[in-house]
Amino acid sequence: MDFRRLLLVTTVTTALTALLGVITATSGAGLTCEARWPLCDGAVFGLFPANFMSFIEWFHRLVAMITGFLIIGSTIAAWRGGRPRRVRLAALLAVLLTPLQIVFGAFTVLVNEFVFGYSVLVLTLHFGLASLILGLLVAATLWAYAETSSITTAGIERAGTLALLASPVMVALTPRLFFTFGEVVQLVYYGIGFGTFAALTAVALWGREIGLRAVAGAGGFAAVLVVGQLIVARRAFGDVGQLLVLGLSFAAFGLVLAAVWRVRRLDTAPRATPSTASD
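Residues numbered from 1 in each chain as written. Predicted model: local features only at pLDDT ≥ 70, side-chain atom pairs only at ≥ 80, totals over all residues. Heavy atoms only, no water.

A. Local environment of the packing of aromatic side chains. Taken as a whole and judged by the stated rule, the model has five aromatic pairs. Taking the centre distance of 5.7 Å and the plane angle of 80° together, the rings of phenylalanine 127 and tyrosine 190 count as edge-to-face. Linking phenylalanine 127 in helix α5 (residues 116–146) with tyrosine 190 in helix α7 (residues 183–209), this pair joins segments that are 63 residues apart in sequence. With respect to class, phenylalanine 127 is no different from tyrosine 190; both count as buried. (Phe/Tyr/Trp six-rings, centres within 6.5 Å; stacked < 30°, edge-to-face > 60°. Helix = DSSP H or I, 4+ residues; strand = E, 2+ residues; numbered from the N terminus. Buried < 20%, exposed > 50% of the residue type's maximum accessible area, 1.4 Å probe, protein only.)

This is how it looks when you write it as structure tokens:
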């Protein structure tokens, strides 16, 4: 498989693994498998699940394992193939963080659920680290594709516009604002959230690549706010949490709107033409 496609598959699989983690948590399957890790509660000494709820947790672990091997394979391919330094370093950092992510995943099962504060901390770190690994892989993928295609303001504008279009949907799906924050709503919410995060990462990296520092800064900060929004949404039980999620949403929207407006101004600005000297 072509290296860029391998990296793209790895990035998409990483996002799907995170989404499966959300489904596992919201369905209540996270503490199935008799709270055992890495084994489950079914046949062959716990290698397989005993029921459907255990299957959800077991399948999440299976996909996470496959994702881990894909990250390792992508990193090896990047270094053996002599890819640009930034691609190699991003992939290397992702693979170095993966064992820590596995440990946090184990802790979400093994830590006593009655130790509430510690459990919340572990879950937050687990999700935050998943977002960081995803961001590194998105960056590596964007840089790998930039080897063979030029970066333009039109591409930045498209990525920013996608983020802008996603923002009203995420606001509408804010926990308990208009809809019950059940499994289906959370799946859509976090799926759109990860896509928005990837688009904003593109705005930040592409803007920096062509010297648009203000655009890059706005895109990068907005990406961080979106991740913060996704983290808070998992614990937004009261009015304060709901307002915080909305505040992060509007702040990110404002930053992206400013970035897109800035890029459009550059595209529509009159370009100077060289004067013709007369004899």
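B. The arrangement of the packing of α7 against helix α8 (residues 213–233) in detail. Interhelical geometry of α7 versus α8 gives an angle of 160° and a closest axis separation of 7 Å. The pairing of α7 with α8 is recorded here as roughly antiparallel in orientation. Helix-helix and strand crossings are classified by hand; for α7 and α8 the assignment is left-handed. Every residue of α8 that contacts α7 at Tyr189, Tyr190, Gly193, Phe194, Thr196, Phe197, Leu200, Thr201, Val203, Ala204, Gly207 and Arg208 is listed here: Val215, Ala216, Gly219, Gly220, Ala222, Ala223, Val226, Val227, Gln229, Leu230 and Ala233. Here the contact of α7 with α8 is built from residues that sort into 15 nonpolar, seven polar and one charged. (Axes fitted to C-alpha atoms, helices over the stretch in contact; angles between N-to-C directions. Parallel < 35°, antiparallel > 145°, perpendicular 65-115°, else oblique. Left-handed = near helix turned anticlockwise from the far one by under 90°. Contact = heavy atoms within 4.5 Å. Nonpolar A, V, L, I, M, F, W, Y, C, P; charged D, E, K, R; others polar.)

C. Up close: the side chain of threonine 11. Looking at the secondary structure, you find threonine 11 in helix α1 (residues 3–26). At 2.9 Å, the side chain of threonine 11 forms a polar contact with the backbone oxygen of leucine 7. (Polar contact = N/O pair within 3.5 Å; in protein donor to acceptor, adjacent residues only side chain to side chain.)

D. The arrangement of the nonpolar core in detail. Counting residues in hydrophobic clusters, the biggest one holds 50 residues, and the most contacted among them are Tyr189, Tyr190, Phe194, Leu200, Val215, Leu230 and Val256. Put simply, the parts of the chain that give this core at least two residues each are α1, α4 (85–110), α5, α6 (153–172), α7, α8 and α9 (239–268). Every residue in contact with leucine 230, bar those within four places of it in the chain, is listed here: Phe127, Met170, Tyr189, Tyr190, Gly193 and Phe194. (Core = buried A, V, L, I, M, F, W, Y, C linked by side-chain atoms within 4.5 Å.)

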